[in-house]
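Observations on chain architecture
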Amino acid sequence: MSHMLNEPSVVSNKAQELGTDGAPVEIITAREVPLGGLRAMTVYRTLPQRQRSLIGAWCFVDHYGPDDVAQTGGMDVAPHPHAGLQTVSWLFEGNITHHDSGDNHAVVRPGHANFMTAGHGICHSEVSTQDTTVLHGVQLWVALPDSARHGPRRFDHYVPPVIFVDGGQVRVFVGSLAGSSSPVPTFTPLVGAEVIVEPRSVVTLNLDPKFEHGVLVDSGNIDVEGTKVARTELAYTGIGLKQLRIRNSGENAGRLLLIGGEPFNEQIIMWWNFLARDSVELDEMRQAWENESDRFGKTYGYVGHDPQGLSRIPAPVLPDVKIRPRHNPAPVARPEQRI
C-alpha cells in the first residue's frame, strides 16, 4: 500500500498472573489512519512510531477490517513505488489483485502469503476484486539490510499449512515456529505466523530467544503472558524469551499475528514508501519516481474502481526539514512506558 506515516501512541498494562508471573509485555496501541477518498478505508497502524519503530526488521504494520466494501469502496491503490523494503500481505477475508513492475500478477487470498521484495526499486498496484464484499487483513513491511536493499525485484507466493498445537493452530508464513518452516527466503532472521487460539484455551509457543516478538490481536479475549491485549493492539516482548503463553478466555476462537526477528541494528530513514539511509537517498528515490525512470519500472494490468482515478500515485513533497533516522529502544519490553 501507499502510505503517509503517522505516529500511534504507546500505553501499557501491568502483567497479571497466568498461573505464575508473566514475562514483561509492552502494549502498543494503534492509530486510526484513513486510506483513500470520501469513503476511505480505516487502517489501524501500530508500527512505526516514536517509541518503537521496529520489531526485528518488521517496520510497518497496518491492520484493517472487517470492512463492508459497499460502504468503504474497498481497496484501490494505483501504481506506487517502493524501495529498500519488502511488503508482506496477509488476508483474513476478501481478495486483492496484485500487479507489479517485475511483471508479477497474483490474486492475494486469505491464508496465502504474498511477499514483494522492492530491492532497488519496484512499483505495484492493489485492488480488491469485484466479488469481495468484506475486506479484512494485515499489510506489513520488512526493512532490507544494506546488503540486500539495492538488489533485484522479486515476488514470492506461499500457502502455509495449518499446524495443530495444544489449544489452537498455527500457520507459519515466514521463518520457523511450532515445527513448521516457510521456504520464503529472508534477508534477516524473521518469523511471522497466524495463530488461532481456541475458546478458553492457552497456546504455548517455543521461541528463539535471540528474537524480539510482537503479537497483533485481531479477535478474541486475549492476554499475552498475563497482560490483556485488546483488538488492534500490538503486544511487544523483548529478546531472551524462550516461551510465549497466549490465552483466550473468551467463548469464541481468537486470532492474532505473531511477528519477530533478531533486532535490526542498521539505522533507517522511512518516508512515504521508501526506506533509505539519508535524506539524499530519499530525494533521489522521489525524483526517480516523479521522472518515471527505469528504477521503478511500470505496472501493467491495473484497473481501478474509478474510471476517472489516477493512473499512478504522485510522490508528496519532501518536508523542508532534515529527516532523521528512526529511533528504536533496546530490545526489552517496558510495561510502564506511557505517552
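Residues numbered from 1 in each chain as written. Predicted model: local features only at pLDDT ≥ 70, side-chain atom pairs only at ≥ 80, totals over all residues. Heavy atoms only, no water.

- Looking at an unreviewed UniProt entry, one finds the protein chain named Pirin family protein and attributed to Arcanobacterium buesumense.
- In its Sequence similarities (unreviewed entry) section, UniProt records this for the protein chain: "Belongs to the pirin family." (UniProt positions renumbered as here; feature names shortened; annotations may be inferred.)

Here's the deal with the overall build of the protein chain
- Helix and strand counts for the protein chain stand at two helices and 29 strands.
- Here the C-alpha radius of gyration of the protein chain, 19 Å, is about what a compact globule of 339 residues would show, namely 20 Å.
- The distance from the centre of the 29 positive side-chain charges to the centre of the 38 negative ones in the protein chain is 4 Å. (Helix = DSSP H or I, 4+ residues; strand = E, 2+ residues; numbered from the N terminus. Rg over C-alpha atoms; globule rule 2.2 N^0.38 Å. Lys, Arg positive; Asp, Glu negative; His and termini not counted. Charge placed at Lys NZ, Arg CZ, Asp CG, Glu CD.)

Notes on helix H2 (residues 279–290)
- The first and last C-alpha atoms of H2 sit 16 Å apart over twelve residues, in line with the 16 Å expected at 1.5 Å per residue.
- All of the buried residues in H2 are Glu281, Leu282, Met285, Arg286, Ala288 and Trp289. Taken end-on, H2 shows its buried residues confined to a sector of 160°, consistent with a single buried face.
- A side-chain oxygen of the first residue of H2 lies 3.1 Å from the backbone nitrogen of Val280; this N-cap is Asp278.
- Positive phi shows up at Glu292, right after H2, with a value of about 55°. (Expected span 1.5 Å × (residues − 1). Buried < 20%, exposed > 50% of the residue type's maximum accessible area, 1.4 Å probe, protein only. Arc of directions from axis to C-beta. Polar contact = N/O pair within 3.5 Å; in protein donor to acceptor, adjacent residues only side chain to side chain.)

Side note on the sheet that holds strand S10 (residues 96–100)
- Read from one edge to the other, the open sheet built from four strands follows the order S8-S13-S10-S11, with strand pairing classed as antiparallel. The open sheet terminates on both sides in strands that have one partner only, identified here as strand S8 (76–82) and strand S11 (105–108). Each strand of the sheet is rotated relative to its neighbour by a mean of 20°, with strand direction disregarded.
- Where S8 meets strand S13 (residues 122–128), five bridges bridge the pair, whose relative direction is antiparallel. Across the sheet, the residue bridging to Pro81 is Cys123, located in S13. (Pairing = 2+ DSSP bridges. Axes fitted to C-alpha atoms, helices over the stretch in contact; angles between N-to-C directions.)

Here we look at the state of the cysteines
- This model, assessed by the stated rule, comprises zero disulfides.
- For Cys59, which is in no disulfide, the shortest distance to another cysteine sulfur is to Cys123 and amounts to 19 Å. (Disulfide = S-S within 2.5 Å.)

A few points about the pairing of strand S25 (residues 234–237)
- Side chains Leu234 and Tyr236 project from S25 onto one buried face, and the interleaved Ala235 and Thr237 project onto a second face that is buried too.
- Judged from the three bridges that link them, strand S4 (residues 26–28) and S25 form a sheet pairing that is antiparallel. Bridging from a neighbouring strand, Ile27 pairs with Ala235 of S25.
- Summarising the sheet, strand S22 (residues 212–219) and S25 pair through four bridges and their orientation is antiparallel. Opposite Leu216, over in S25, you have Leu234 as the bridge partner.

Focus on the side chain of Ser89
- Looking at where Ser89 falls in the secondary structure, it is placed in strand S9 (residues 85–93).
- Under the relative-accessibility criterion, Ser89 is labelled buried at 12%.
- Side chain to side chain, Ser89 and Gln139 meet in a polar contact 3.2 Å long.
- When near neighbours in sequence (up to four residues on either side) are disregarded, Ser89 contacts Val108, His112, Ala113, Asn114, Glu126, Val138 and Gln139. (Contact = heavy atoms within 4.5 Å.)

Structural notes on the UniProt feature "domain: Pirin N-terminal" (unreviewed entry) in the protein chain
- The positions UniProt marks with the feature "domain: Pirin N-terminal" (unreviewed entry) are residues 43–142.
- In the segment residues 43–142, helix accounts for 4% and strand for 62%; the C-alpha atoms at its two ends are 18 Å apart.

Digging into the UniProt feature "binding site: Fe cation" (unreviewed entry) in the protein chain
- If you check UniProt for "binding site: Fe cation" (unreviewed entry), the listed places come out as His80, His82, His124 and Glu126 in our numbering. Annotated residues spanning 47 residues; largest pairwise C-alpha distance 13.2 Å, indicating a single compact cluster.
- With respect to the helices, strands and loops of the structure, His80 is situated in strand S8.
- Of note is the side chain of His80, whose polar atom sits 3.4 Å from the side chain of His82.
- Within the fold, His82 resides in strand S8.

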